[in-house]
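Chain by chain, the residues run as shown.
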Amino acid sequence: MDGNIGDVLKSLITETLKALNLEEGEIFLEHPSDLRHGDYSSNVALVLGKKVKREPVALAVELVEKLNEKLPKEISKIEVAGAGFINFYLAPSFFRAKMAEIVAPGNGDNFGRLPLLKNKLILVEFTDPNPFKQFHIGHLMSNTVGESISRLISFAGANVKRICYQGDVGRHVALAIWGIRLLKVPFPAETAPLSEKVKYLGQAYALGATHAKDTPENEVEIKSINQKIYDRSDQEVNELYDQGREWSLEHFEEIYEKLGTKFDQYFFESVAAPRGLEIVKKFFKKGVFVESEGAIVLPEEKSGLHTRVFINSQGLATYEAKEVALAEMKEEVFPSDLSIVITANEVNEYFKVLLSALQFTAPNLASKTQHISHGLLKLPEGKMSSRTGDVITAETLLSDLENKALEKMKDRELNNEEKRKAAELISIAAIKYSILKQKTGKDIIFDIEKALSFEGDSGPYIQYTHTRAESVLRKAKEQNLIILDPNIDFSTENPADILSDLERYLYRFPEIVERSLNEMEPHYIATYLMEVSGYFNSFYANTKIIDIENKFSHYNLGLTAATSFVLKNGLYLLGIGVPEKM
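Worth saying up front: this structure is predicted, and the values here are computed from it rather than measured. (Residues numbered from 1 in each chain as written. Predicted model: local features only at pLDDT ≥ 70, side-chain atom pairs only at ≥ 80, totals over all residues. Heavy atoms only, no water.)

1. Describing the overall build of the protein chain
Alright, step 1. For the protein chain, the count of helices and strands is 22 helices and 14 strands.
Alright, step 2. Structurally, the protein chain occupies a C-alpha span of about 85 × 65 × 40 Å along its principal axes.
Alright, step 3. Taking all 582 residues of the protein chain together, 53% fall into the buried category.
Alright, step 4. Considering only residue pairs separated by 6 or more positions, the protein chain has 75% of its internal contacts joining residues 24 or more positions apart.
Alright, step 5. By element, 48% of the accessible surface of the protein chain is carried by carbon and sulfur atoms, the whole surface being about 26,400 Å².
Alright, step 6. Where the 69 positive side-chain charges of the protein chain centre and where its 84 negative ones centre are 1 Å apart. (Helix = DSSP H or I, 4+ residues; strand = E, 2+ residues; numbered from the N terminus. Buried < 20%, exposed > 50% of the residue type's maximum accessible area, 1.4 Å probe, protein only. Contact = heavy atoms within 4.5 Å. Areas by Shrake-Rupley, 256 points an atom, 1.4 Å probe, with all protein chains shown as cover. Lys, Arg positive; Asp, Glu negative; His and termini not counted. Charge placed at Lys NZ, Arg CZ, Asp CG, Glu CD.)

2. Side note on the environment of Gly244
Alright, step 1. Structurally, Gly244 can be placed in helix α9 (residues 235-259).
Alright, step 2. The exposure class assigned to Gly244 is buried, which follows from its relative accessible area of 0%.
Alright, step 3. Counting along the chain gives 89 residues from Gly244 to Phe155, while the straight-line C-alpha distance between them is 37 Å.

3. Some details on the sheet that holds strand β11 (residues 338-344)
To summarise the sheet geometry, strands pair through backbone hydrogen bonds and adopt either a parallel or an antiparallel arrangement.
Alright, step 1. One open sheet holds the 5 strands; their spatial order is β7-β6-β5-β11-β12, and the pairing between them is parallel. Among the strands making up the open sheet, the edge pair consists of β7 (265-268) and β12 (369-374). Averaged over neighbouring strand pairs, the angle between their axes works out to 25° when direction is ignored.
Alright, step 2. Both strand β5 (residues 121-125) and strand β6 (residues 159-166) contribute to a ladder of 5 bridges, which runs parallel. The residue of β6 that forms the bridge with Val124 is Arg162.
Alright, step 3. Where helix α10 (residues 269-285) meets the sheet, its contacts fall on β6 and β7, and the angle it forms with β7 comes to roughly 55°.
Alright, step 4. Lying on the sheet, helix α13 (residues 348-361) is in contact with β11 and β12; it crosses β12 at an angle near 175°. (Pairing = 2+ DSSP bridges. Axes fitted to C-alpha atoms, helices over the stretch in contact; angles between N-to-C directions.)

4. A word on the packing of helix α5 (residues 137-155) against helix α22 (residues 553-573)
For any two helices packed against each other, the geometry comes down to the angle between their axes and how far apart the axes lie.
Alright, step 1. For the pair α5 and α22, the least separation of the axes is 8 Å and the interaxial angle reads 125°. Accordingly, the angle class assigned to the pair α5 and α22 is oblique. In this structure, α5 uses Ser148, Arg151, Leu152 and Phe155 to contact α22, whose residues at the interface are Asn569, Tyr572 and Leu573.
Alright, step 2. Along the lines of polarity and charge, the residues of the contact of α5 with α22 split into 4 nonpolar, 2 polar and 1 charged. (Parallel < 35°, antiparallel > 145°, perpendicular 65-115°, else oblique. Nonpolar A, V, L, I, M, F, W, Y, C, P; charged D, E, K, R; others polar.)

5. Quick notes on unusual backbone geometry
Alright, step 1. Here the phi dihedral of Asn21 falls at roughly 55°; this positive angle occurs in a residue that is not glycine.
Alright, step 2. With respect to the helices and strands, the residue Asn21 is situated in the loop between α1 (5-19) and β1 (29-30).
Alright, step 3. Using a relative accessible area of 72% as the deciding quantity, one classes Asn21 as exposed.
Alright, step 4. A positive phi angle, close to 55°, is found at Glu293, a residue other than glycine.
Alright, step 5. Mapped onto the elements of the fold, Glu293 is located in the loop between β8 (290-292) and β9 (295-298).
Alright, step 6. Among the residues examined, Glu293 registers a relative accessible area of 80% and is labelled exposed.

6. Description of the packing of helix α4 (residues 92-103) against α22
Alright, step 1. Orientation of α4 relative to α22, taken along the N-to-C sense of each, is 60°, at an axis distance of 9 Å. Relative to α22, the element α4 is oriented oblique. Considering only the axes of α4 and α22, their crossing is left-handed. Of α22, the residues touching α4 (which contributes Phe95, Arg96, Met99, Ile102 and Val103) are Tyr555, Gly558, Leu559, Ala561, Ala562 and Phe565.
Alright, step 2. Taken together, the residues of the contact of α4 with α22 break down into 9 nonpolar, 1 polar and 1 charged. (Left-handed = near helix turned anticlockwise from the far one by under 90°.)

7. Considering the sheet that holds β8
Alright, step 1. If you walk across this open sheet you meet the 3 strands as β8-β9-β10, and the pairing is antiparallel. With one partner strand each, in any of the chains shown, β8 and β10 (308-311) form the two edges of the open sheet. Taken pair by pair, the neighbouring strands of this sheet meet at an average axis angle of 55°, ignoring direction.
Alright, step 2. Here 3 bridges tie β9 to β10, and the two strands are oriented antiparallel to one another. Residue pairing for β10: Leu298 is matched across the bridge by Arg308.

8. As for the environment of Asp34
Alright, step 1. Assignment of secondary structure puts Asp34 in the loop between β1 and β2 (40-42).
Alright, step 2. On a C-alpha basis, the gap between Asp34 and Arg504 in space is 11 Å, while along the polypeptide they are 470 residues apart.
Alright, step 3. One polar contact links Asp34 to Arg36, side chain to side chain, over a distance of 2.6 Å. (Polar contact = N/O pair within 3.5 Å; in protein donor to acceptor, adjacent residues only side chain to side chain.)

9. Focus on the nonpolar core
Taken as a class, soluble globular proteins show a tendency for nonpolar side chains to be buried jointly.
Alright, step 1. With 95 residues, the main nonpolar core has Ile153, Ile431, Leu506 and Tyr528 as its most contacted residues.
Alright, step 2. The element contributing the most residues to this core is helix α16 (residues 416-436), with 10 residues.
Alright, step 3. With residues up to four places along the chain from it excluded, the contact list for Ile153 reads Leu117, Ile122, Val124, Ala158, Val160, Ile340, Leu517 and Met520.
Alright, step 4. Grouped together as the second largest cluster of nonpolar side chains are 35 residues, Ile163, Leu298, Phe351 and Ala362 included. (Core = buried A, V, L, I, M, F, W, Y, C linked by side-chain atoms within 4.5 Å.)

10. Here we look at the confidence of the model for the protein chain
Alright, step 1. A residue-level look at the protein chain finds 95% of positions with pLDDT of 70 or above and a mean pLDDT of 92.
Alright, step 2. Counting interchain partners and residues more than four positions distant, the pLDDT-below-50 stretch residues 384-389 has 19 contacts. (pLDDT = per-residue confidence, 0-100.)

11. Observations concerning the packing of aromatic side chains
Alright, step 1. The tally for this structure, following the rule as stated, stands at 22 aromatic pairs.
Alright, step 2. Where Phe111 meets Phe509, the ring centres are 6.0 Å apart and the plane angle is 35°; that geometry is what we call tilted. One end of the pair, Phe111, is in the loop between α4 and β5; the other, Phe509, is in helix α20 (residues 509-519), with 398 residues separating them in the sequence.
Alright, step 3. Given the relative accessible area of 7%, Phe111 is considered buried.
Alright, step 4. For Phe509, a relative accessible area of 0% gives the class buried.
Alright, step 5. Plain terms: the ring middles of Phe135 and Tyr256 are 6.1 Å apart, the flat faces sit at 70° to each other, and that makes the pair edge-to-face. In this pair, Phe135 is assigned in the loop between β5 and α5 and Tyr256 in helix α9, connecting sequence segments 121 residues apart.
Alright, step 6. On the basis of relative accessible area, Phe135 is assigned to the buried category, the value being 1%.
Alright, step 7. Tyr256 gets classed as buried once you look at its relative accessible area, which sits at 1%.
Alright, step 8. Through successive ring pairs, a cluster of aromatic residues spans Phe126, Phe135, Phe252, Tyr256, Phe263 and Tyr266. (Phe/Tyr/Trp six-rings, centres within 6.5 Å; stacked < 30°, edge-to-face > 60°.)

12. A word on helix α3 (residues 56-67)
Alright, step 1. The end-to-end C-alpha distance of α3 is 16 Å, a good match for the 16 Å that 12 residues give at a rise of 1.5 Å each.
Alright, step 2. By the burial criterion, the buried members of α3 are Leu59, Ala60, Leu63, Val64 and Leu67. Looking straight down α3, one finds its buried side chains confined to an arc of 135°; they lie on one side.
Alright, step 3. Where α3 is buried, its residues touch α1, α2 (44-52), β3 (75-81) and β4 (85-90).
Alright, step 4. N-cap assignment for α3: the residue whose side-chain oxygen lies 3.2 Å from the backbone N of Val57 is Glu55. (Expected span 1.5 Å × (residues − 1). Arc of directions from axis to C-beta.)

Below, the structure written as structure tokens:
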């Protein structure tokens, strides 16, 4: 039987319906939550029973009888259950053949890869931190989601280009530069650590934002600085701007490297702004945009949503105008099949208007732009604010997590360098898994203790399971044991005591990847990896895996190797690395 086993089962059901002269329709299959009820289940008899006015159980019995006439070897039995569900049980030989396929030389690292997006060029824009503001846990959220989706798309065969768009001009920059003038703290020396320089910028921004509206004169001053940033007409402002921008971008690179992201192209608001002005003015002449109170807007009657400003009363491009320009700039560098933009869900309504504007300015780009929004990342004490300085930076959070991970490993038999490397990977797993185990649009309350647990629903637990599997395989190699002995045809053997729940789960990985890709939802992979980890740890606790007296020990080692590949590949798709030792 070739192809995805689920697709094959759908074809069998469709052929059976034709043979019985029953109306065809879309066939749905799911995995029963309890493995005792089979490996796949279909509600076709319930759905069809309503259409043809027949009792579902009786219809299911008839379908099963017909299916049994040409039952392929990969299916051991079919049963009718409940109100008319049809449950399919896959044969032990199917699982054993799958395990052999996963661990065959050259296959393991590629298990789960799909050719669904082969020859496609897809852009994924994410993270988008702003120079002069701190890289906070909200940016961690965007980076985690964006990197995982990028890897999913690449795993499906596409050429992925990671895009980062950074706000290096705008009111926030003016507030930071104004704040620098207000700060009593001296400007950091060139020899100061980068972290100190970035912290200084964050303090300046918070101070500027806090006092911006204290007096009308303050607002006038900030607007003046903002204008000078755009037209580069003031030497002092230029020097502060250039230095602060350089520090911020250098700091961001440090964080990207730690998180495992390498962007292919950076775009900046300072470049998008003048182009955005040109585009809006061009379509203002065509009647798309209109004047309102000294500004140029896309009116509600044009967008079908709500009115938004694209050029403000100062004649400066707003975020909206810059985004319209950005869409064209990205397309010029990378003519794509799809352009994905990942943001927090706080800008959902704004993005709808942006897409509406693109329908007028560049309809071809609007049609291939997909917006994915994520929720907010919060700590138990609540949401943070960069304007008040109440910010949890990515650097601080990751450092705290690393220190706590080191504390957890203090009694483990690892040298200091091994502990340090493991702690860094564990800290990133803790934050990324906590984000990705939830549906993308949901807000997340990040609990550090739960996130770092080696025993609970956490990224480190999955990492630990992978490390445990690798430890077993290392011991087997030290004893010169063979993984999946080629002289034993396990697909024809039927030792009932070997078929485990773990075997009945590992083969599902490619379809989990496909579902995650189709819905752009990494949480399916996160949930699946947690389930596989639970099944493997149960298998590990109840099975003597290395047993030279048992010929099936080779298969148990193969099952362990297959688990290692699946966990490693799945964690990769979540943007999580695997420590060699924990």
